[in-house]
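One letter stands for each residue in the lines below.
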Amino acid sequence: MDYRTTSALDLFKAFEQQVMADPKAFYQNYLTVKNHVENSTAIYMGKPVDFIYQPMFFSQDDIARFQQLTDTLTGILRKVIAQYRKSPDFRRLFGFSPLAEELILLDPGYRYSFPVARFDVFYSYDGSFQFCELNADGSSGMNEISVLQDIFWSAKALAGFLEQYHLVDFELFNSWVDSMLEIYQEFAGSSAGKPNIAIVDFDREGTISEFQVFQNYFRARGYQTVICDPRDFKYRSGQLSVRGMKIDLVYRRATTARIIEEAEEIQDFLQAYRDGAVCVVGGFVSQIIHNKMIFAVLHSKECQALLTQEEIAFIKAHVPETLVIDDDGSNLRRRIIDDKD
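As the structure is a computational prediction, the values presented were derived from the model and not from experiment. Position numbers for residues start from 1 in each chain and track the written sequence from start to end. For a predicted model such as this one, the threshold for reporting local features is a pLDDT of at least 70, and the threshold for listing and counting side-chain atom pairs is 80 or more; totals across whole chains, interfaces and linings nevertheless cover every residue. Note: side-chain values were computed over all heavy atoms of the structure, leaving out hydrogens and water.

Let's talk about the overall build of the protein
Then, number 1: Broken down by element type, the protein carries 17 helices and 11 strands.
Then, number 2: Principal axes of the C-alpha set define a box for the protein whose edges measure 65 × 55 × 35 Å.
Then, number 3: Note on exposure labels: buried denotes an accessible area under 20% of the residue type's maximum, exposed denotes more than 50%, and partly exposed covers the range between, all computed with a 1.4 Å probe on protein chains only. Across the 341 residues that make up the protein, the buried fraction comes to 45%.
Then, number 4: Two residues qualify as a contact provided that any one of their heavy atoms is within 4.5 Å of a heavy atom in the partner residue. In the protein, of all internal contacts separated by at least 6 residues, the share reaching a separation of at least 24 is 72%.
Then, number 5: Of the roughly 18,400 Å² that the protein leaves accessible, carbon and sulfur atoms contribute 49%. Each helix is a run of H or I in the DSSP string that is no shorter than four residues. Each strand is a run of E no shorter than two, and both are numbered from the N terminus. Computed with the Shrake-Rupley method and a 1.4 Å probe, the accessible areas treat only the protein chains shown as cover for residues.

So, in structure tokens, the structure goes:
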């Protein structure tokens, strides 16, 4: 079979037919897969992740479409970020606190405004899609997906598929480790030595199992790596450290909102960032796209003045109309109620 012309819907149909041909046997295999997941690192909020006994299939056309929509949205977001840095009037659309605005405007020391992001979409196989959320700082899910991919490769339901179709999965860890190290080289210079790394979030706040997987990947590459709370940092004589270990590179998983809340408790970390004494991936500028106001801003006349007609059409087609209701918004409230759908 020519896999290059196989659609994802073809794969879903073939998968369904295979499973329904022997449902009892495949149910028993599902229980085996479920047991593997329950004993894996695919943990969220202290529990094994939920999943269905069906891989998510995408064709080459789907992947190309994802690349195109990601490139288009990224180009738009870069314009928004550039305008935010340049225009105080534009910054007021976001309503950030003075501290958040200060941190966002600081230069992180490298060119990427959001080194990692997760653009969540509702996607239909006819090619239509709607964005539903953008995530930048604190983006997660890599470990859960990676574990499920690895487990499904040995699932009974895929055995026949591997004889008929060319299936591949996504590498989600070494590629991100490579990107972080590349960012550090840009920050510190090509002559910089091996960085000591801290994966940072507030205790009981993040997905610790995913942090531990990243820690293992860094350590396997020869980098000293710790997982810590930003309240544990000490900043003395221009060096940031934790538990006596100098830190050169911070993989920030703590969200900007939580950092603003706990600012008084993490002054050492914040001052090191202000001074450019440590490479923080990602920098606080990523909050511009992570904040839920971003969809409203994209639809604003101030933002659309920055964009091409093609980009405006893209937003209208794929970003849900998002409105801010203020104290004078009685007419807007009525419009929303009358046209709720």
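Here's the deal with the packing of aromatic side chains
Then, number 1: Stacked, tilted and edge-to-face are the three classes applied to pairs of Phe, Tyr and Trp rings, where Trp contributes its six-membered ring and a pair requires centres within 6.5 Å; stacked means planes under 30 degrees apart, edge-to-face means over 60, and tilted covers the rest. This model, assessed by the stated rule, comprises 31 aromatic pairs.
Then, number 2: With a centroid separation of 5.3 Å and an interplanar angle of 85°, the aromatic rings of Tyr 84 and Phe 94 are classed as edge-to-face. Within this pair, whereas Tyr 84 is found in helix H3 (residues 60-86), its partner Phe 94 is found in the loop between helix H4 (88-91) and helix H5 (98-105), the two being separated by 10 residues in sequence.
Then, number 3: Centroid distance Phe 94 to Phe 96: 5.5 Å. Interplanar angle 15°. Geometry classified as stacked. In this structure, Phe 94 and Phe 96 share a single accessibility class: buried.
Then, number 4: Our definition puts a charge over a ring when NZ of Lys or CZ of Arg is within 6 Å of the ring centre and also within 35 degrees of the ring normal. Above the face of the Phe 26 ring, Lys 156 is positioned so that its terminal group lies 5.4 Å from the ring centre.

As for the nonpolar core
Then, number 1: Think of a nonpolar core as a cluster: buried Ala, Val, Leu, Ile, Met, Phe, Trp, Tyr and Cys residues, connected wherever their side-chain atoms sit within 4.5 Å. Counting residues in each nonpolar core, the largest one holds 33 residues, and the members touching the most others are Leu 77, Phe 94, Phe 131 and Leu 298.
Then, number 2: Those elements that place two or more of their residues in this core are H3, H5, strand S3 (118-123), strand S4 (129-135), helix H13 (287-290), helix H14 (294-298) and helix H16 (309-318).
Then, number 3: Here this core gets eight residues from one element, more than from any other, and that element is H3.
Then, number 4: Excluding residues that lie within four positions of it along the chain, Phe 94 makes contacts with Val 80, Tyr 84, Ile 288, Met 293, Ile 294 and Val 297.

What to know about the side chain of Glu 311
Then, number 1: Tracing the sequence through the fold places Glu 311 in helix H16.
Then, number 2: Here Glu 311 falls in the buried class, since its relative accessible area comes to 13%.
Then, number 3: When sequence neighbours within four positions are dropped, the list of residues in contact with Glu 311 reads Ile 76 and Lys 79.

Looking at the sheet that holds strand S5 (residues 197-200)
Then, number 1: Read across the sheet, four strands follow the order S6-S5-S10-S11 without closing on themselves; strand pairing throughout is parallel. The sheet is open, and its two edges are formed by strand S6 (225-228) and strand S11 (279-281), each paired on a single side. The sheet shows a mean angle of 20° between the axes of neighbouring strands, direction not considered.
Then, number 2: Strands are treated as partners if at least two bridges between them are detected by DSSP. As judged from the three bridges shared by strand S10 (residues 249-252) and S11, these two strands associate in the parallel manner. Lines are fitted to the C-alpha atoms to define the axes, a helix being fitted only along its stretch in contact, and any angle between axes, read from their N-to-C directions, falls within 0 to 180 degrees.

Here we look at the packing of helix H6 (residues 142-153) against helix H10 (residues 208-220)
Then, number 1: The interhelical angle for the contact between H6 and H10, taken along N-to-C directions, is 75°, at an axis separation of 8 Å. The pairing of H6 with H10 is recorded here as roughly perpendicular in orientation. Contacts between H6 and H10 involve Met 142, Asn 143 and Glu 144 from the former and Ser 209, Glu 210, Val 213 and Phe 214 from the latter.
Then, number 2: Amino acids outside the nonpolar list (Ala, Val, Leu, Ile, Met, Phe, Trp, Tyr, Cys, Pro) and the charged list (Asp, Glu, Lys, Arg) are all regarded as polar, and Gly is one of them. Of the residues in the contact of H6 with H10, the class split is three nonpolar, two polar and two charged. Each angle gets one of four labels, with under 35 degrees taken as roughly parallel, over 145 as roughly antiparallel, 65 to 115 as roughly perpendicular, and the rest as oblique.

Regarding the pairing of S10
Then, number 1: Both faces of S10 are covered, namely the face carrying Leu 249 and Tyr 251 and the face carrying Val 250 and Arg 252.
Then, number 2: Here four bridges tie S5 to S10, and the two strands are oriented parallel to one another. Opposite Val 200, over in S10, you have Arg 252 as the bridge partner.

Here's the deal with the sheet that holds strand S8 (residues 239-242)
Then, number 1: Judged by pairing direction, the sheet is antiparallel, and its three strands sit side by side in the order S7-S8-S9 without closing on themselves. What marks the edges here is a single partner per strand, and that holds for strand S7 (233-236) and strand S9 (245-246).
Then, number 2: In this structure, S8 lies alongside S9, joined through two bridges in antiparallel fashion. By the bridge assignment, Ser 241 is partnered in S9 with Lys 246.
Then, number 3: Here helix H12 (residues 267-274) sits on the sheet in contact with S7 and S8, set at roughly 50° to S7.

Digging into a nonpolar patch on the surface
Then, number 1: A cluster of nonpolar side chains, namely Met 56, Phe 58, Ile 63 and Phe 170, defines an oily patch on the protein surface of about 370 Å² accessible area.
Then, number 2: By the element assignment, Met 56 lies in the loop between strand S2 (47-48) and H3. Without a salt bridge and with relative accessible area above 30%, a residue can belong to a patch; like charges are then joined within 9 Å and nonpolar side chains (Val, Leu, Ile, Met, Phe, Trp, Tyr) within 5 Å. Between Lys or Arg on one side and Asp or Glu on the other, a salt bridge is scored when a side-chain nitrogen of the former is within 4 Å of a carboxyl oxygen of the latter.

Digging into the environment of Val 116
Then, number 1: Counting through the fold element by element, Val 116 comes out in the loop between H5 and S3.
Then, number 2: Sequence-distant contacts of Val 116, defined by excluding residues within four places in its chain, comprise Asn 135, Ala 136, Ser 139 and Trp 176.

Everything listed here is a matter of geometry and, on its own, says nothing about what the molecule does.
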